[in-house]
Amino acid sequence: MRKRSNNKHATYFAKACGVARFAYNWGLAQWKRQYEAGEKPTQASLRRQLNAIKREQFPWMLEVTKNAPQMALIHLGNAFQRFFRGDAKSPTFKQKGVHDSFTLTNDQVAVSDKRIRIPHLGWGRMRETLRFSGTIMSATISRKADKWYVSITVDTEETPAMCENQAIVGVDLGVNRLATLSDGTFVTGAKPHKALLNRLRRLSRSLSRKQKGSKNRAKAQLKFAKLHAKIANIRHDALHKLTTCLVNQYGVIVVEDLNVKGMMANHRLARAVGDRGFHELRRQLAYKTAMRGGQLIIVDRWFASSKICSECGTKQKNMPLSIREWTCPECGTHHDRDVNAARNLMKWAVSSTVTACREDVRPAIAEAASTKQEFNVKATYA
């Protein structure tokens, strides 16, 4: 659902993103100043302060929708709440060109077929229709390279199809093969960064030769950003296809808690690990299994899934990464390293859910939470 925006829309969106970014940074500076002075700032108080001065000090804010600065301060308040709970780091100042976006409330946006109504702009076209019926809660417009996207949150009573197959599968994630299933299935996965690395290097060299502030540098920077966006889209597409296939076919999915941060610290593995997107894959598995009534089990990272024979349970002392196949000295079974690890993950999940008296104590598969659910629908507007 992509359509190239005209100059009027692109200019307005860029202004609204700039207003939202300025309001966020202004609110963060005021929050820190008031907090150091012993006051107790809130997003509501900051919104009142900004509304009182913006007509005199920041009249250019009135050129865009009022939601841009208001929702930015609300997001700042939510960020501080997550920080005080210990769920996130302290909020930092936003930079121009990095995750540019602004949010509209439900009373400022409307959707009809392939059209969306934006304040001050009127109706504009989208590339596809809204896939869910219900009450629109909010819409966030963001930019990726030269494309503008709208992410619409819908409160709907529609529920996704529940997974009826309650089979258990172990999934071993790796660099050479993205995923290896316990049934012997291999998923090679996409390596977009590796495939387009030469083009990235060429565009990076071209960008570095351009004079800062020149139009040629802006053109080169746009080409560079578009290629990065293409790489990200290819990666996300492959991950979505894999995770959707897994949650549709299996009721219980078992993966290992990988130390991605430690793997990224290895200069020999960092590029390949980053190209796989292990964190994104786990995030998608988590919310998709919850939506479809499945269960995602995370096995401790210290579980020696590769060293244990899946047939007899014998544990090997050493198993360097260079060994991709090995034969158990006890039972003589020949193993593929990844398949053996996936089978051990599956067996760990099965054995951990059965007590010594063989009573099944596995938690019941989560039922559909409520008839009312919120879905985030991303669409390309411009």
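Structure: see above.
Predicted model only: the values in this text are computed from it and were never measured.

Here we take up the overall build of the chain. Each helix and strand counted, the chain has 10 helices and 14 strands in total. Principal axes of the C-alpha set define a box for the chain whose edges measure 80 × 55 × 50 Å. Taking all 382 residues of the chain together, 41% fall into the buried category. Total accessible area on the chain stands at roughly 22,000 Å², and carbon and sulfur atoms take up 50% of it. A gap of 13 Å separates the mean positions of the 66 positive and 31 negative side-chain charges of the chain.

Moving on: the sheet that holds strand β11 (residues 295-299). The strand order β9-β8-β7-β10-β11 describes an open sheet built from five strands, whose pairing is mixed. A strand with exactly one partner marks an edge of an open sheet, and here the two such strands are β9 (186-187) and β11. Across five bridges, the pairing between strand β10 (residues 252-256) and β11 is parallel. Within the sheet, the bridge partner assigned to Glu256 lies in β11 and is Val299. Against the sheet, helix α9 (residues 278-291) contacts β7 (168-173), β10 and β11, and its axis sits at roughly 140° relative to β11.

This next bit is on a nonpolar patch on the surface. A surface patch of nonpolar side chains, amounting to about 340 Å² of accessible area, comprises Tyr35, Phe83 and Phe84. Tracing the backbone shows Phe83 in helix α3 (residues 67-85). Residue classification places Phe83 among the partly exposed positions, given a relative accessible area of 31%.

This next bit is on helix α2 (residues 43-57). With 15 residues, α2 extends 20 Å from end C-alpha to end C-alpha; this agrees with the ideal 21 Å at 1.5 Å per step. Along its length, α2 shows its largest kink, about 30°, at Asn51. All buried positions along α2 are accounted for by Ser45, Leu46, Leu50 and Lys54. On its buried side, α2 packs onto α1 (7-36) and α3.

Tracing the sequence through the fold places Leu281 in helix α9. Taking the C-alpha atoms as reference, Leu281 lies 38 Å from Pro41; in sequence the two are 240 residues apart. Other than its neighbours up to four places away in sequence, Leu281 contacts Leu173, Leu178, Leu239, Leu242 and Thr243.

Our next topic: the side chain of Thr65. As for its position among the elements, Thr65 is in the loop between α2 and α3. Ignoring sequence-local partners within four residues, the contact set of Thr65 consists of Tyr12, Phe102, Leu104, Gln108, Pro119 and His120.

Attention now goes to helix α5 (residues 197-209). For an α-helix, the turn length of 3.6 residues means that residues three or four places apart are oriented alike. Its 13 residues give α5 an end-to-end C-alpha distance of 19 Å, which sits within 8% of 18 Å, the value for a rise of 1.5 Å per residue. Every buried residue of α5 is listed here: Leu197, Leu200, Leu203, Ser206 and Leu207. Its buried side turned inward, α5 meets α4 (192-195), α6 (215-249) and α8 (270-276).

What follows concerns the pairing of β10. Burial of β10 is extensive: five of the five residues sit out of reach of the surface. On β10, burial covers both faces: Val252, Val254 and Glu256 on one face and Ile253 and Val255 on the other are all buried. Two elements, β7 and β10, share four bridges in a ladder whose sense is parallel. From the neighbouring strand, Gly170 faces β10, where its bridge partner is Val254.

Quick look at the nonpolar core now. Counting residues in each nonpolar core, the largest one holds 36 residues, and the members touching the most others are Phe13, Leu50, Leu76, Phe102, Ile118, Ile141 and Val150. Secondary structure elements with two or more residues in this core: α1, α2, α3, β1 (101-105), β3 (115-118), β5 (135-144) and β6 (147-156). Per-element tally for this core: the top contributor is α1, with 11 residues. Aside from chain neighbours lying at most four places away, what touches Leu50 is Ala23, Trp26, Phe58, Met61, Pro69 and Leu73.

Here we take up the pairing of strand β4 (residues 122-125). As paired elements, β3 and β4 share four bridges and run antiparallel to each other. Across the sheet, the residue bridging to Arg115 is Arg125, located in β4.

Reading the values: rules and limits
- Note on numbering: residues in each chain are counted from 1, in written sequence order.
- For a predicted model such as this one, the threshold for reporting local features is a pLDDT of at least 70, and the threshold for listing and counting side-chain atom pairs is 80 or more; totals across whole chains, interfaces and linings nevertheless cover every residue.
- By convention in this description, side-chain values take in all heavy atoms of the structure and omit both hydrogens and water.
- Numbering of helices and strands runs from the N terminus; a helix is a DSSP stretch of H or I covering at least four residues, while a strand is a stretch of E covering at least two.
- Note on classification: 1.4 Å probe, protein chains only; a residue is buried when its accessible area is under 20% of the maximum for its type, exposed when over 50%, partly exposed between these limits.
- The method behind every accessible area is Shrake-Rupley, applied with a 1.4 Å probe, and residues are considered shielded solely by the protein chains displayed.
- Charge convention: Lys and Arg are scored as positive, Asp and Glu as negative, and His as well as the terminal groups of each chain are ignored.
- Throughout, a charge is located at the NZ atom of Lys, the CZ atom of Arg, the CG atom of Asp or the CD atom of Glu.
- Two strands form a pair only when DSSP identifies at least two bridges running between them.
- In this analysis, two residues are considered to be in contact whenever any of their non-hydrogen atoms come within 4.5 Å of each other.
- To obtain an axis, a line is fitted to C-alpha atoms, over the contacting stretch when the element is a helix, and the angle between two such axes runs from 0 to 180 degrees between their N-to-C directions.
- Patches here are clusters of residues that have more than 30% relative accessible area and form no salt bridge, with a 9 Å joining cutoff for like charges and a 5 Å cutoff for nonpolar side chains (Val, Leu, Ile, Met, Phe, Trp, Tyr).
- Should a side-chain nitrogen of Lys or Arg be within 4 Å of a carboxyl oxygen of Asp or Glu, the pair is scored as a salt bridge.
- How far a helix is expected to stretch is found by multiplying one less than its residue total by 1.5 Å.
- Consider a residue and the seven residues that end there alongside the seven that start there; fitting an axis to each set, the bend is the angle between those axes.
- The term nonpolar core refers to a set of buried residues drawn from Ala, Val, Leu, Ile, Met, Phe, Trp, Tyr and Cys, joined through side-chain atoms within 4.5 Å.

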